[in-house]
Amino acid sequence: MTEKSRILKIILYIVLIAYAIITLYPFLWALAASFKPLKEIVSGNPALMPQHFTLDNYKYITGTSSLFTKWFMNSVIVSIIGTVVNLFLNTMAGYALARLNFPGRQKIYYTFLALMMVPAQVLLIPNYLILMNLGMLDTFSSLILPAAINIGNIFMMRQFFLSFPMDVEEAAEIDGLGRIATFFRIVMPLARPSIATQAIFVFMGFWNNFMQPMLYISTPKKYTLTLGLQTFTSQATGVRWDHTMAASIISIVPIIILYIIFNGYFLQGVRMDGEK
Amino acid sequence: MVEIKLDHIYKKYKGNEKYSVTDFNMDIPDEEFVVFVGPSGCGKTTTLRMVAGLETITKGDLYMNGQVVNKVQPKDRDIAMVFQNYALYPNMTVADNMGFGLKIRKTPRNEIKKRVTDAAQILGLSDYLERKPGALSGGQRQRVALGRAIVRDASLFLLDEPLSNLDAKLRVDMRTKIAQLHQRLQTNMIYVTHDQVEAMTMADRIVIMNDGKVQQIGTPDDLYNKPANQFVAGFIGSPSMNFFDVHLHDNRVSNEKGFDVEVPEGRLKILREQGYLDKDVTLGMRPEDIHTEQVALETFPNAVVNAQVVVSEFLGTDSNLYSKTGDTEFVAQVNARDFHKPGENVQMAFEMSKAHFFDKESGATIE
């Protein structure tokens, strides 16, 4: 390595480390704040290490007087069911658009592409009215059903299946599998990296969703975590940063776990033809 | 065991004006090794896929043991297929890949294990049964694909350019292995390739195709020695047959580029009877029928040309001499002892009793 490239590398590392610190600092501050009393948080001391370390914030939000545990479970239920439903429907729709020959396939595909341009906010009121007419407001279904498919993910899966080697499917067909069995026993297992990517995005979408729960859910016991966190703000006491930070830290744990589980698939290079 | 009949089979893909396969007719008796050969895009793989049931048949009927199977699903045709790109399941081990078809058919586990072990032994894969395809070399993967077909014990084997991704040495090894397999299994095999050497060395019968049409069906010997037309003559043989556009007059054929040889009486009689006297024809000479030895020059004194070697290739047992006489270019395959360097002037004798004549317009063999 020449002297010049060594210096360039050092500069690059300094820039990257600085960027990492700038990005990580708010998270670390939130983590530290979750172990601080409110007084210390609002004092304006930017130090990360708590002067008065406390677990009271966590005790409070997980205690009986708080609905936090309930909201957490609500979010888990909505996110898991919503993700599973999405994975099935998006993957099957992507496969159908890539592989099956049926009249109007291209038209459907182009319609989907056009629908991707419609901003989600435009759909809030129509969805609200439909859910109201179906009597589904204030239920978990109102959060899951309108988001049961995702056109972006259908598009992603379609592109994946277009590049999927046809002869692997044909080999399965000759080995004795029908179309549906080939899909579930051969295609889906090989599509795991794409499905895992989709799972992370869809789960995060449900987990972090705030707008729909705010519009469709009215009973506090049915709140999801994002909506529940909002209640830590009250007009009388202002924002309870101590409780909010503890709740926020817990709320990102499932996302981190999910990322750790599926991270391998992002890194795993799978060649479908069995190449190295 | 199965007898196959392709009865006026046509294939046209949606959106295409032209048929990809036109009027394919053939009976394949039991235990025959048939090779479909032809250049890329000639329709050989499409035909194979129609036999497999992976492509629909536009017109015509496909019979297996006397039954029309046009609408029968691939899984119900009792076939095994080896794909060009192996088409192994990357997420399964070698053993699972080989046994998967049997598992689907609910074969008892012990039986699957036995068949997989036997096939692995035949193909030299016993040490790799627990590996995934990604951890195998190209040749090993190809053997797994063959093994997957063998364990099925199907009545028809379809092989779609199975050796095209292998290097030259492996190709020769695998060619022998497949020929041995056919002798051992005694089942029908239909093998698709664009490599005429594979076709000539393995086939009981060869189907040579071009532009969606069958050009000739015959044994390797038929195709080599009695080609039906100029395409077949040019496709089979390496180096390819030399073609000369010539004019037939008296008892000689010549062109304006300095080529002039005598046609023996037997050949001349046929040409005369077919009305080609004083007409243009295409003369075909296989490179090995052009000689430089003294004895040949003396034997065929009326078909000797003065040639100049342009490029010479030494191949060990033979030498290819790319030469020209006047402005007419051709290649001669001579004994390696008769090697000549580029630039040398050499007398060459055309063994005209082995010459082929083709109609200039249609390309059909004149016989």
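I will try to describe carefully the structure that is included in this document.

Reading guide: rules and limits
Residues numbered from 1 in each chain as written. Chains lettered and ligands numbered in written order. Predicted model: local features only at pLDDT ≥ 70, side-chain atom pairs only at ≥ 80, totals over all residues. Heavy atoms only, no water. Buried < 20%, exposed > 50% of the residue type's maximum accessible area, 1.4 Å probe, protein only. Helix = DSSP H or I, 4+ residues; strand = E, 2+ residues; numbered from the N terminus. Patch = residues over 30% accessible without salt bridge, like charges linked within 9 Å, V, L, I, M, F, W, Y side chains within 5 Å. Areas by Shrake-Rupley, 256 points an atom, 1.4 Å probe, with all protein chains shown as cover. Salt bridge = Lys/Arg side-chain N within 4 Å of Asp/Glu carboxyl O. Phe/Tyr/Trp six-rings, centres within 6.5 Å; stacked < 30°, edge-to-face > 60°. Lys NZ or Arg CZ within 6 Å of the ring centre and 35° of its normal. Pairing = 2+ DSSP bridges.

Glancing now at helix α2 (residues 94-104) of chain B. All names here are of chain B. With respect to burial, α2 is a largely interior element, nine of its 11 residues being buried. Residues of α2 that are buried: V94, A95, N97, M98, G99, F100, G101, L102 and I104. Positive backbone phi, at 55°, marks K106, one or two positions downstream of α2.

Turning our eyes to something else, we now look at a nonpolar patch on the surface. Residue and element names in this part refer to chain A. On the surface, I80, V84, F88, L89, M92, I149, I180 and F184 cluster together into a nonpolar patch covering about 680 Å² of accessible area. Secondary structure elements with two or more residues in the nonpolar patch: α4 (68-99) and α10 (179-190). If one sorts the elements of the nonpolar patch by residue count, α4 sits on top with five residues. Take F184: it is sitting in helix α10.

For the coordinates displayed, the defined rule picks out 28 aromatic pairs over all chains. With centroids separated by 5.4 Å and ring planes inclined at 50°, the aromatic side chains of B:F24 and B:F36 adopt a geometry described as tilted. Placement of B:F24 in strand β2 (residues 21-28) and of B:F36 in strand β3 (residues 33-37) is noted, with a sequence separation of 12 residues between them. We classify B:F24 as buried; its relative accessible area is 0%. B:F36 gets classed as buried once you look at its relative accessible area, which sits at 0%. Every member of this aromatic cluster is reached through a ring pair, and the members are A:F88, A:Y95, A:F160, A:F161, A:F164, A:F183 and A:F184. Sitting over the ring of A:Y109, A:R158 keeps its end group 3.6 Å from the ring centre.

The next subject is the pairing of strand β10 (residues 213-218) of chain B. Residues in a regular strand project their side chains so that they alternate between the two faces of the sheet. Residue and element names in this part refer to chain B. Relative to β10, strand β9 (residues 205-210) runs antiparallel, the two being bridged by five bridges. Counted as the bridge partner of I206 is G218 from β10. Where β9 folds back onto β10 in an antiparallel hairpin, the turn is made up of two residues, including D211, whose phi is positive at roughly 55°.

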